Amino acid sequence: MKISNDLERQLIEWRRDFHKYAEPGWTEFRTTAKIVEVLQGLGWEAVYGPDVHDAETRMGVPDSETLVAARERAVQHGANRELVEAMGDGFTGAVAILKTGRPGPVLGFRFDIDSNDLNESTSPEHRPTAEGFASVNQGAMHGCGHDGHAAMGLGLATVLAEHIDELTGTIKIFFQPAEEGVRGAHSMVAAGWMDDVDIFVATHLHSRLGLGNICVGSDRYLASTKFDVTFTGVGAHAGGDPQSGKNAMLAACAATTNMFAIARHSSGASRMNVGTLTSGEGRNVVPRSAFLQAECRGENSEINDYMFNRAKQVVSGAAEMFDVQYDIRLTGRAETAPPSPELLPFVHEEFAALHGVNQVTDSGGTTGSEDATAMMNRVKERGGLATYVSLGMDTQGGHHTESFDVSEEALRMGVEAEAQIVFDAPAFLESIGR
């Protein structure tokens with residue numbers, strides 16, 4: 001399906017607007033409000049606020065002070081205050097629903113909307129800076145393409161609204177918050193949104209593939225667990241009374257070095273990283289507290305669980321060694337989820353038909369981690385089919401770097417192929433006896 005030049009320009013406008021007002025996970029108040037306004041204008045049902053999530057299964061939600069500041073910032077940047085307030089304490093994201101009123105399958109598409117914790121490049125060679133749409137929010141930048149994903153989701157909603165009389169069944173578009181840190185999908189799954197989906201497609205822009213190259217069955221994502229550790233000791237004068245102190249920094253340092261020393265698993269790839277460690281009050285004070293942020297990954301969930309269990313043992317041992325207390329808080333988790341083999345030929349064909357496509361593959365992708373796998377697994381558990389599409393593009397900066405940018409030509413490709421999937425899915429499901 002070919003989209004109009006006007007819609008292609010609108011995709012770019014949406015993407016640049018989201019890029020300029022980047023918002024990290026669970027603080028996407030402005031982003032969500034803008035998405036909801038567009039959806040409502042198109043005639044879609046837009047579910048937002050606490051109804052989108054199961055509150056008990058959210059992970060890695062910022063503190064109240066951060067959320068209050070983020071809500072106010074969103075309003076200052078043009079968001080509808082009523083919509084923002086309805087999202088409460090970080091119940092961001094939205095579920096868009098289009099019911100055709102005619103019998104047919106339920107089709108689901110996932111587009112994540114959060115930004116990274118980055119400061120964007122100020123180099124004049126960086127296009128967002130040169131053209132005036134670099135992030136205005138300190139410490140927040142779209143360094144992974146989720147601004148483009150949000151735009152594609154709205155583009156898909158636009159096309160389908162225009163052709164609703166030609167469609168059957170129900171279409172759901174999931175504008176998912178908090179993908180970074182693999183946090184946001186689980187509470188949407190727990191809220192039951194995936195339970196009736198027959199075909200599910202998650203999409204991600206990827207710079208490593210190159211524009212025109214597409215993987216319709218990304219299967220290299222690693223399972224991952226994200227966790228924070230707080231060590232609590234006893235402060236003391238480092239010169240006058242050191243024996244009275246219990247050094248939380250030493251415990252954190254011991255835990256860090258020994259987590260990196262965990263033996264890797266022979267059955268597949270495994271990863272461990274401590275990304276931040278903060279501690280101390282002054283050069284002559286025994287550190288009474290320390291905080292670190294860490295993650296592990298595995299080629300499958302079993303290997304990841306092995307890494308996390310060993311990490312917990314290391315943390316416990318370090319705390320005992322230095323006689324301090326510790327607390328481990330789970331902040332995110334992703335499983336592995338292979339695509340449904342019977343779905344791949346259909347999705348392959350739809351993307352291969354696009355103008356500008358060089359190569360379509362059914363396997364590959366990146367070895368990062370993705371919580372869309374939770375959505376995929378739930379759909380498959382309920383008898384549906386699911387896959388993950390990596391949409392190639394060209395960009396100078398790599399993912400999660402300050403110079404990352406989106407190839408805006410790729411936005412059209414994503415919308416056109418996934419709109420065609422909606423049109424052709426009923427016949428495809430019938431052809432395979434579903």
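None of these values were measured; they are calculated from a predicted model.

## Side note on helix α9 (residues 301-321)
Item 1. For α9, built from 21 residues, the straight-helix expectation of 30 Å at 1.5 Å per residue is met to within 8% by its first-to-last C-alpha distance of 30 Å.
Item 2. Listing the buried residues of α9 in full gives Ser301, Ile303, Asn304, Met307, Phe308, Ala311, Val314, Val315, Ala318 and Ala319. Projection of α9 onto a plane perpendicular to its axis shows the buried side chains occupying an angular sector of 160°, all on one side. Facing away from the buried side of α9 by more than 90 degrees, the exposed set consists of Glu302, Glu320 and Met321.

## Re the environment of Gly88
Item 1. Among the structural elements, Gly88 can be located in the loop between α4 (81-86) and β2 (94-99).
Item 2. Overall, Gly88 belongs to the partly exposed group, its relative accessible area being 22%.
Item 3. Separated by 20 residues in sequence, Gly88 and Val68 have C-alpha atoms that sit 9.0 Å apart.
Item 4. Apart from residues no more than four positions distant in its own chain, Gly88 is found in contact with Phe29 and Arg71.

## Notes on the pairing of strand β7 (residues 223-232)
Item 1. With 8 of its 10 residues buried, β7 lies for the most part within the structure.
Item 2. Taken together, the 10 bridges between β7 and strand β11 (residues 289-298) define a ladder with antiparallel strand orientation. Bridge pairing in β11 links Ala223 to Gly298.
Item 3. Two strands pair when backbone bridges link them, and β7 and strand β12 (residues 325-334) are joined in this way by 9 bridges, in the antiparallel orientation. Note on β12: the bridge partner recorded for Thr232 is Gln325.

Cut-offs and rules
- Residues numbered from 1 in each chain as written.
- Predicted model: local features only at pLDDT ≥ 70, side-chain atom pairs only at ≥ 80, totals over all residues.
- Heavy atoms only, no water.
- Helix = DSSP H or I, 4+ residues; strand = E, 2+ residues; numbered from the N terminus.
- Expected span 1.5 Å × (residues − 1).
- Buried < 20%, exposed > 50% of the residue type's maximum accessible area, 1.4 Å probe, protein only.
- Arc of directions from axis to C-beta.
- Contact = heavy atoms within 4.5 Å.
- Pairing = 2+ DSSP bridges.

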